[in-house]
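What follows is each chain in one-letter form.
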Amino acid sequence: MHVASALRHHQDVEIAALGLTPAVARALHELDPDRPLPARDLAEQLRCDRSNVTALVDKLEQAGLVQRKVDPADRRQKTLVVTDAGRRMRQRVHEVMSDSRLLAGLTTDELSTLRDLVWKVSDGGCPEACGTD
């Protein structure tokens, strides 16, 4: 928990320096710049209510990172299109989320051991309900 908290704090500080909130950054990170997506699908990806996504998309749109456009396949629906500025910001968000400076003091062997231990305590990345219907 301490490591996760330290990572999250570092990421939150870096995300704030980009002028985003963690929730807005996560929403942008979830969008595929090459595949416009309806807001309801983004809500599913984020595992949150559609009303929450509306506020996130409003902020992304106000920042010029996303545009709402009519879906050519269904004109009743709007899709979220990542703008060029959004693509650049998304790349910066990805870099922040991938930053491993907190682990820089570990040797290769220590990193390998850490990876193995984290994998083991997370049940191989698959919780009990995973794969069962």
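Here the structure is shown first, and the text comes after it.
As the structure is a computational prediction, the values presented were derived from the model and not from experiment. (Residues numbered from 1 in each chain as written. Predicted model: local features only at pLDDT ≥ 70, side-chain atom pairs only at ≥ 80, totals over all residues. Heavy atoms only, no water.)

Caption draft 1: Fine view of the pairing of strand E2 (residues 66-71). Relative to strand E3 (residues 74-82), E2 runs antiparallel, the two sharing six bridges. Paired with Lys 69 across the two strands is Thr 79, which belongs to E3. In sequence, E2 turns back onto E3 through a hairpin of two residues. (Pairing = 2+ DSSP bridges. Helix = DSSP H or I, 4+ residues; strand = E, 2+ residues; numbered from the N terminus.)

Caption draft 2: Representation of the packing of helix H2 (residues 22-30) against helix H5 (residues 84-98). Put simply, H2 and H5 touch, their axes get as near as 9 Å, and they point 110° apart. Relative to H5, the element H2 is oriented roughly perpendicular. In contact with Ala 25, Leu 28 and His 29 of H2, H5 contributes Gly 86, Met 89, Arg 90, Val 93 and His 94. Across the contact of H2 with H5, the residue classes break down as four nonpolar, three polar and one charged. (Axes fitted to C-alpha atoms, helices over the stretch in contact; angles between N-to-C directions. Parallel < 35°, antiparallel > 145°, perpendicular 65-115°, else oblique. Contact = heavy atoms within 4.5 Å. Nonpolar A, V, L, I, M, F, W, Y, C, P; charged D, E, K, R; others polar.)

Caption draft 3: Molecular detail of the sheet that holds E2. Reading across the sheet, the three strands line up as E1-E3-E2 and stay open at both edges, with antiparallel pairing between neighbours. Every interior strand has two partners, whereas the edge strands, strand E1 (37-38) and E2, have only one.

Caption draft 4: Local environment of the side chain of Thr 79. In this fold, Thr 79 is placed in strand E3. By relative accessible area, which is 7% here, Thr 79 ends up buried. In this structure Thr 79 touches Pro 36, Leu 37, Pro 38, Gln 67, Arg 68, Lys 69 and Asp 71, once residues within four positions along its chain are discounted. (Buried < 20%, exposed > 50% of the residue type's maximum accessible area, 1.4 Å probe, protein only.)

Caption draft 5: Spatial organisation of the pattern of salt bridges. The full count for this structure, using the stated rule, is six salt bridges. Salt-bridge contacts for Arg 40 lead to Asp 41; the nearest nitrogen and oxygen are separated by 3.8 Å. Residue class for Arg 40 comes out partly exposed when judged on its relative accessible area of 34%. The structure contains a network of salt bridges with shared partners spanning Asp 58, Glu 61 and Arg 68. (Salt bridge = Lys/Arg side-chain N within 4 Å of Asp/Glu carboxyl O.)

Caption draft 6: Looking closely at the pairing of E3. In this sheet, E3 lies alongside E1 in antiparallel orientation, the contact comprising two bridges. Within E3, the residue paired with Leu 37 across the bridge is Leu 80.

Caption draft 7: Broad picture of the environment of Arg 50. Secondary-structure assignment places Arg 50 in helix H4 (residues 50-62). In this structure Arg 50 comes out as exposed when scored by relative accessible area, which is 55%. For the pair Arg 50 and Trp 119, spaced 69 residues apart in sequence, the C-alpha to C-alpha distance is 33 Å. In contact with Arg 50, not counting residues within four places along its chain, are Arg 40 and Ala 43.

Caption draft 8: Looking closely at a nonpolar patch on the surface. A contiguous nonpolar patch, built from Leu 106, Leu 111, Leu 114, Val 118 and Val 121 and spanning about 410 Å² of accessible area, is present on the exposed surface. With respect to the helices and strands, the residue Val 118 is situated in helix H6 (residues 108-121). Given the relative accessible area of 46%, Val 118 is considered partly exposed. (Patch = residues over 30% accessible without salt bridge, like charges linked within 9 Å, V, L, I, M, F, W, Y side chains within 5 Å. Areas by Shrake-Rupley, 256 points an atom, 1.4 Å probe, with all protein chains shown as cover.)

Just geometry here; none of it tells us what the structure is for.
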